[in-house]
Amino acid sequence: MRHALALQLRRDRLIMPVWILGTALLALGSVAAVVTEYGAHAQQLTVLRLALVNPSVLAFRGAPNGVSTGSMLWFELFSWLAVVAGLMNVFLATRHGRADEESGRRELVAATPLARSAPLAASLALGTVANLVLGLLLAGAFATASGVDAAGALTAGATFAVTGLAFLGIALLVGELAPTGRSANGIGVTVVVAAYVLRAAGDSLGTAHLGSVTLDVAWPSWISPIGWGEQVLALSANRAVLLLPGFALAVVGAVAALAIHARRDLGASVLPDRLGRATASPALRGVLGLDWRLHRPALVGWAIGGAVLGLATGSLAHAAGDLTSSGSPQIVQTLKLIVPGGREELQSLFIGVLMLLVGLLAAAAGVQGALRLRQEEAEGRAELLLAAPVPRWRLLLDGWIVAVLAGVIVMVAAGLLAWLSFLPGGDAGDGGVHAFGQALAELPSALVFPGIAALAVAVVPRASVAIAWALFAIGVVIGLFGQLLQLPEAIIRISPFDHIPNVPFTDGGPTVVLLAIDVVLAAAAVVLIRRRDLST
Amino acid sequence: MVSRMTNAIEAAGLVKTFGRTRALDGLDLAVAEGEVHGFLGPNGAGKSTTIRVLLGLLRAHGGRASVLGRDPWRDAVAIHRDLAYVPGDVALWPNLSGGETIDLLTGLRGGADPALRTRLLADFELDPRKKGRGYSKGNRQKVALVAAFARPARLYVFDEPTSGLDPVMEAVFQAEVRRVRAEGATVLLSSHILSEVEELCERVTIVRAGRAVESGTLADMRHLTRTSIRTTTRASAAEIAALDGVHDLQEEAGALVFDVDTDRIDGVLAALTRAGVSTLTATPPSLEELFLRHYGDRVEQSA
């Protein structure tokens, strides 16, 4: 096992430090931000009370436990850091497990005088160490906040380590069940997301006690590893005994994985790889059909993301009304800086922020769609298509069309669910229509990014992926934080997201210009891709 | 105009550079309509680059080329209506089944002949329901081969199509090539397996370092195919060395090792049996060895 562990450590010498240090630094920054924003008792009381009466805030955050900096930190940070830890474990287990086996590398190792279980045992050891280190660093990150004692910080660290271990156990077991690395990662990520969603449901359905500022969570939180971790209530109650279920799950998963591993053939899996269709459906008879088929799974993910944000709009907009009355001028000020156009009414501000986020999602979905041609080219599949009577501009144009469709679908999904989310409040006619209109207003800006990606693919194929995502990232930073960071006005105006009209529309000029830019980018890409070699 | 009628592929002085590497260095190639043409050369000789230029995937930096009488870069789409291609390293869509991939690729050319498709799947023993990611290298090649053969074309281009196939499947491939040739199609078959080319091709072009170093019918090139012989015999080394057609004779552990021109093998064997033979193995030299022997010096000198 020593050799197997050495091999895995060698392969992970870059990626694991990035995961662990990256997560720790994120936590460190977030702890500081929470302490700065909500350091005072009065602010904590306002925010936590507001959360308790607002199920969608509880869903996105967690369960408060009294008014203290520790309670505030746990409420704000635990559940998403737990998701990061869970993903780290899923990818680790798959990388050294099923993916290795699928690629045939495991066969090389298995032919050496190494015990059959050695690679699995090594993954278990590596994952355990990684979770312990992560827990320790996160404990350190929480300890930097004033008002957090050593016991609290250590309990917090232990909770992250145990939650990570629980997902490690599950992921190792999934690696024995799933037929391919792709499906192992897919199932693993689904489990992590499901754990988060169960916790979100359990928290938002819980019983709030406004007097003590506590929440009795409902049963869904109690069947989720993230829910168990949350209920440790580190930094306040420190209920360490609730670490046991997570630890037990880790042990059960690891033991089951080892037991299956000892009995199965190399390459065999409990779940079979599903067979596909023997013939193509009529929808798959052309390049457009192919692009749609290839982009569909990712698109569903982006659309669900948009839909979730849309669904939260209604209840958050109502919360905004409450916020106005309870008054936290700081938060209002921050929100006004993010949303361009400077609106006074807080509800429309909230709608603006959420729809801006949805616009960014739509842009990302589009960028990913437009970059698919580059992936096809680099992996050698574009060659098969271009040897058929398909002009290369057609490949590019169809890819861009699917990218645009992706953006539209994300926005429409978000807009429709935002409209629906206003129904319970009886505000569908006003707030709902406003939200839906605002979603559509984001589109021309969002679609600039797939245009840039398509142009990059046409002109500088090898650098296109880096360029497209870097420009998108810059767009995000300028769009969300440009005013906040007090960037020069000239730079802020470059971002397409700075030109989104506010509903109701008064000036259609910027929208027309943006739509023209979208079309020109795509047209330039279509023309320019005819000039270059296929490059791998 | 006349050559356009008779040559499916014509290239003269093709040049293609990648950075400082000169992948094609004045390459000439002529493939007559209706013939199966072998395109031979060691790895890295420029076979795949030539094919990609002929398919309009790469643009040549010099020389001219025509495929089915058209410019491969400008008229790629028109040419490809009459063309079927199988790359050397077939990459498939991981989540598309083999059957879907075959239908997609033939659909772009106008649709497969259903009966042909069914027969090809059976002959190549391919399960069309498996996902692309689940196929081995050989099976990925089979998917591309079925897609190529399932719709008739005027020109078939194969880039080392059998490198992942077992001998039985190689025979199926050869039968299909003979079928399309009988139907009047032209085939360009790139390979570094000499026996496969000998089975199928009327004419052959040999490339090395981005140039055609030899081109002609296989009969013309018989001088290329020397057989390597290792024998324990009572004949003396000097006696054998003196025979017509014997080259590079060496003594190794009591055995004689030498090469003999294939068309002189009869006389050499007769001489050996007259003297008495206790062991004998004969191996055709690999193409790689032939290149080293015949072209190594000349190409280096001219380069």
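Residue numbering note: each chain is counted from 1, following its sequence as written. The order in which chains are written sets their letters, starting at A; the order in which ligands are written sets their numbers, starting at 1. Local features in this predicted model are restricted to residues of pLDDT 70 or higher, and side-chain atom pairs are both shown and tallied only at a pLDDT of 80 or more, whereas totals for entire chains, interfaces and linings draw on every residue.

Asks: How should I be thinking about the overall build of chain B in this particular structure?
Replies: Numbering of helices and strands runs from the N terminus; a helix is a DSSP stretch of H or I covering at least four residues, while a strand is a stretch of E covering at least two. Of the regular secondary structure elements, chain B holds twelve helices and 13 strands. Contact between two residues is assigned whenever their backbone-derived C-beta positions fall within 7 Å. Counting contacts in chain B only where the partners sit at least 6 residues apart, residues at least 24 apart contribute 69% of the total.

Asks: How should the overall build of chain A be read in this particular structure?
Replies: What chain A contains, in helices and strands, is 24 helices and two strands. Dimensions of chain A, computed from the C-alpha atoms along their principal axes, are close to 65 × 65 × 40 Å. Using C-beta atoms placed from the backbone, we call a residue buried if 20 or more other C-beta atoms fall within 10 Å of its own, exposed if 12 or fewer do, and partly exposed for counts in between. Each of the 536 residues in chain A was classed as buried or not, and the buried ones make up 51%. Pairs at least 24 residues apart make up 77% of the contacts formed inside chain A by residues separated by at least 6 positions.

Asks: What is the right way to read the environment of Ala280(A) from this model?
Replies: Residue placement: Ala280(A) occurs in the loop between α13 (244–263) and α14 (287–326). With 24 C-beta atoms packed within 10 Å, Ala280(A) lands in the buried category.

Asks: Hey, could you run me through the confidence of the model for chain B in this one?
Replies: Detail in the predicted coordinates should be disregarded across regions flagged by low pLDDT. Per-residue pLDDT for chain B averages 87, and the proportion of residues at 70 or more is 89%. Confidence of the prediction at every residue is given by pLDDT, a number between 0 and 100. Scored below 50 in pLDDT, residues 298–303 of chain B makes four contacts in the model with residues more than four places away or belonging to other chains.

Asks: What is the right way to read the interface of chain A and chain B from this model?
Replies: In many analyses, interface size is given as the accessible surface area lost on bringing the parts together. Taken together, the contact pairs 25 residues of chain A with 28 residues of chain B. Elements supplying a minimum of two residues to the side of chain A that touches chain B: α14 and α18 (381–386) of chain A. Ranked by residues supplied to the side of chain A that touches chain B, first place goes to α18(A) with four residues. Residues belonging to the side of chain A that touches chain B are distributed by class as follows: 14 nonpolar, four polar and seven charged. The residue classification treats Ala, Val, Leu, Ile, Met, Phe, Trp, Tyr, Cys and Pro as nonpolar and Asp, Glu, Lys and Arg as charged. All others, Gly included, are polar.

Asks: Just to check I follow, could you spell out the pairing of strand β2 (residues 21–32) of chain B for this structure?
Replies: Within a regular strand, the side chains alternate between the two sheet faces. All names here are of chain B. One requirement defines pairing of two strands: DSSP has to find at least two bridges between them. Looking at chain direction, strand β1 (residues 7–18) and β2 are connected through nine bridges and run antiparallel. Bridging from a neighbouring strand, Ile9 pairs with Val31 of β2. Count of turn residues in the β1/β2 antiparallel hairpin: two residues, of which Gly19 carries a positive phi of about 60 degrees.

Asks: How should I be thinking about helix α5 (residues 114–123) of chain B in this particular structure?
Replies: Along an α-helix, a turn takes 3.6 residues, which lines up residues three or four apart on a common side. Residue and element names in this part refer to chain B. By the burial criterion, the buried members of α5 are Arg117, Leu120 and Leu121. Taken around the axis of α5, the buried residues stretch over an arc of 100 degrees, which confines them to a single face. Residues of α5 that are exposed and point over 90 degrees away from its buried face: Ala115 and Ala122. Looking at the buried residues of α5, the elements they touch are α4 (98–108) and α6 (137–149). This arc is taken over the directions from the axis of the helix to the C-beta atoms.

Asks: So what exactly am I meant to see when it comes to the pairing of strand β8 (residues 203–208) of chain B here?
Replies: All names here are of chain B. Of all the six residues making up β8, five are buried; the element is thus mostly covered by neighbouring parts of the structure. Two elements, strand β3 (residues 36–40) and β8, share four bridges in a ladder whose sense is parallel. From the neighbouring strand, Gly38 faces β8, where its bridge partner is Val204. With six bridges joining them, β8 and strand β9 (residues 211–217) adopt antiparallel strand pairing. Opposite Thr205, over in β9, you have Ser215 as the bridge partner. Hairpin connection, β8 to β9: the antiparallel pair is bridged by two residues, and Ala209 has positive phi, about 50 degrees.

Asks: Is there a simple way to think about unusual backbone geometry in this case?
Replies: Glycine aside, residues mostly have negative phi angles, and peptide bonds mostly take the trans form. A positive phi angle is found at Asn238(A), which is not glycine, with a value near 50 degrees. Considering the arrangement of structural elements, one finds Asn238(A) in the loop between α12 (225–231) and α13. By the C-beta count within 10 Å, which is 19 here, Asn238(A) ends up partly exposed. One non-glycine residue, Ala253(B), adopts positive backbone phi at about 50 degrees. Taking the number of C-beta atoms within 10 Å as the measure of exposure, Ala253(B) has 6 and is therefore exposed.

Asks: It is not clear to me how the domain arrangement of chain B should be interpreted in this structure. Could you clarify?
Replies: Along its sequence, chain B is organised into domain 1 (2–222) and domain 2 (226–283). Each of domain 1 of chain B and domain 2 of chain B was reduced to a C-alpha centroid, and the two centroids are 39 Å apart. Those domain boundaries reflect an automatic or database domain assignment.

Asks: It is not clear to me how the packing of helix α5 (residues 69–96) of chain A against helix α8 (residues 118–143) of chain A should be interpreted in this structure. Could you clarify?
Replies: Two quantities define a packed helix pair, namely the angle between the helix axes and the distance between the axes. All names here are of chain A. Structural elements are reduced to axes, namely lines fitted to C-alpha atoms, with helices fitted over the stretch in contact, and the angle between N-to-C directions of any two is expressed from 0 to 180 degrees. The interhelical angle for the contact between α5 and α8, taken along N-to-C directions, is 160 degrees, at an axis separation of 10 Å. Looking at the two axes, α5 sits roughly antiparallel to α8. Of the two elements, α5 crosses α8, and the hand of that crossing is right-handed. Residue-level inspection shows Leu73, Leu81, Ala85, Asn89, Leu92, Ala93 and His96 of α5 in contact with α8, the latter providing Pro119, Ser123, Leu126, Gly127, Ala130, Leu134, Leu138 and Phe142. Tallied by class, residues from the contact of α5 with α8 come to eleven nonpolar, four polar and no charged. Should an angle lie under 35 degrees it is considered roughly parallel, over 145 roughly antiparallel, and from 65 to 115 roughly perpendicular; all remaining angles are considered oblique. Throughout, a crossing is termed right-handed when the near helix is turned clockwise from the far one, and left-handed when it is turned anticlockwise from it by less than a right angle.

Asks: What am I meant to see in the nonpolar core here?
Replies: One broad rule of soluble globular proteins: the nonpolar side chains tend to lie buried together. Formed by 152 residues in total, the largest nonpolar core has its most connected members in Val358(A), Leu396(A), Val410(A), Ala454(A), Ala525(A) and Val146(B). With 17 residues, helix α16 (residues 346–370) of chain A is the single largest residue contributor to this core. Ignoring sequence-local partners within four residues, the contact set of Val358(A) consists of Gly306(A), Leu309(A), Gly310(A), Val410(A), Met411(A), Ala414(A), Ala439(A) and Glu442(A). The next biggest cluster of nonpolar side chains, apart from the first, holds 83 residues, and it includes Met72(A), Leu92(A), Ile170(A) and Ala195(A). Each nonpolar core reported here comprises buried Ala, Val, Leu, Ile, Met, Phe, Trp, Tyr and Cys residues connected via C-beta atoms within 7 Å.

Asks: Can you walk me through the environment of Val526(A) in this structure?
Replies: Tracing the backbone through its elements, the reader meets Val526(A) in helix α24 (residues 509–528). Each C-alpha atom of the pair Val526(A) and Arg394(A) lies 7.8 Å from the other, and the pair is 132 residues apart in sequence.

Asks: Is there a simple way to think about the sheet that holds strand β10 (residues 226–233) of chain B in this case?
Replies: Note: strands within a sheet are paired through backbone hydrogen bonds, in either parallel or antiparallel orientation. Residues and elements named next belong to chain B. The sheet built from four strands is open, its strands ordered β11-β12-β10-β13 with antiparallel pairing. Looking at strand neighbours, the two that pair on one side only are β11 (246–252) and β13 (277–283), the edges of this open sheet. With strand direction ignored, the average angle separating the axes of adjacent strands in the sheet is 20 degrees. Summarising the sheet, β11 and strand β12 (residues 255–261) pair through five bridges and their orientation is antiparallel. From the neighbouring strand, Glu251 faces β12, where its bridge partner is Leu256. Strands in contact with helix α10 (residues 265–275) are β10, β11, β12 and β13; relative to β10, the strand with the most contacts, it is inclined by about 5 degrees.

Asks: Could you clarify how one ought to interpret the sheet that holds strand β5 (residues 83–86) of chain B in this entry?
Replies: Residue and element names in this part refer to chain B. Within the open sheet, the six strands sit side by side as β5-β6-β7-β3-β8-β9. Their pairing is mixed. Two strands in the sheet have a free side with no partner beyond their single neighbour: β5 and β9. With strand direction ignored, the average angle separating the axes of adjacent strands in the sheet is 15 degrees. Packed on one face of the sheet, helix α2 (residues 47–54) meets β3, β6 (155–159), β7 (186–191) and β8 and runs near 150 degrees to β6. The strands touched by α6 are β5 and β6; relative to β5, the strand with the most contacts, the crossing angle is about 170 degrees.

Asks: Is there a simple way to think about the environment of Ala270(B) in this case?
Replies: All names here are of chain B. With respect to the element layout, Ala270 can be found in helix α10. What makes Ala270 exposed here is the crowd of 11 C-beta atoms within 10 Å. C-alpha of Ala270 to C-alpha of Leu92: the two residues are 178 residues apart in sequence and 54 Å apart in space.

Asks: I tried to follow helix α22 (residues 464–481) of chain A on my own but got confused; where do I start?
Replies: Residue and element names in this part refer to chain A. Taking 1.5 Å of rise per residue, 18 residues should cover 26 Å, and α22 covers 25 Å from first to last C-alpha, within 8% of that figure. Among the residues making up α22, those that are buried are Ser464, Ala468, Phe472, Gly475, Ile478 and Gly479. The buried residues of α22 occupy an angular sector of 130 degrees when projected down its axis, which confines them to one face. Seen from the buried face of α22, the exposed residues on the opposite side, beyond 90 degrees, are Ala466, Ala470 and Ala473. To estimate the expected span of a helix, subtract one from its residue number and multiply by 1.5 Å.

Asks: For this particular structure, what's the right way to read the packing of helix α1 (residues 2–11) of chain A against α8(A)?
Replies: Residue and element names in this part refer to chain A. Two elements in contact, α1 and α8, have axes separated by 8 Å at closest approach and are oriented at 55 degrees. As far as their axial angle goes, α8 and α1 are oblique. α1 and α8 meet at a crossing whose hand is right-handed. Along its contact with α1, which presents Ala4, Leu5, Gln8 and Leu9, the element α8 presents Ala118, Pro119, Ala122, Ser123, Ala125 and Leu126. Of the residues in the contact of α1 with α8, the class split is eight nonpolar, two polar and no charged.

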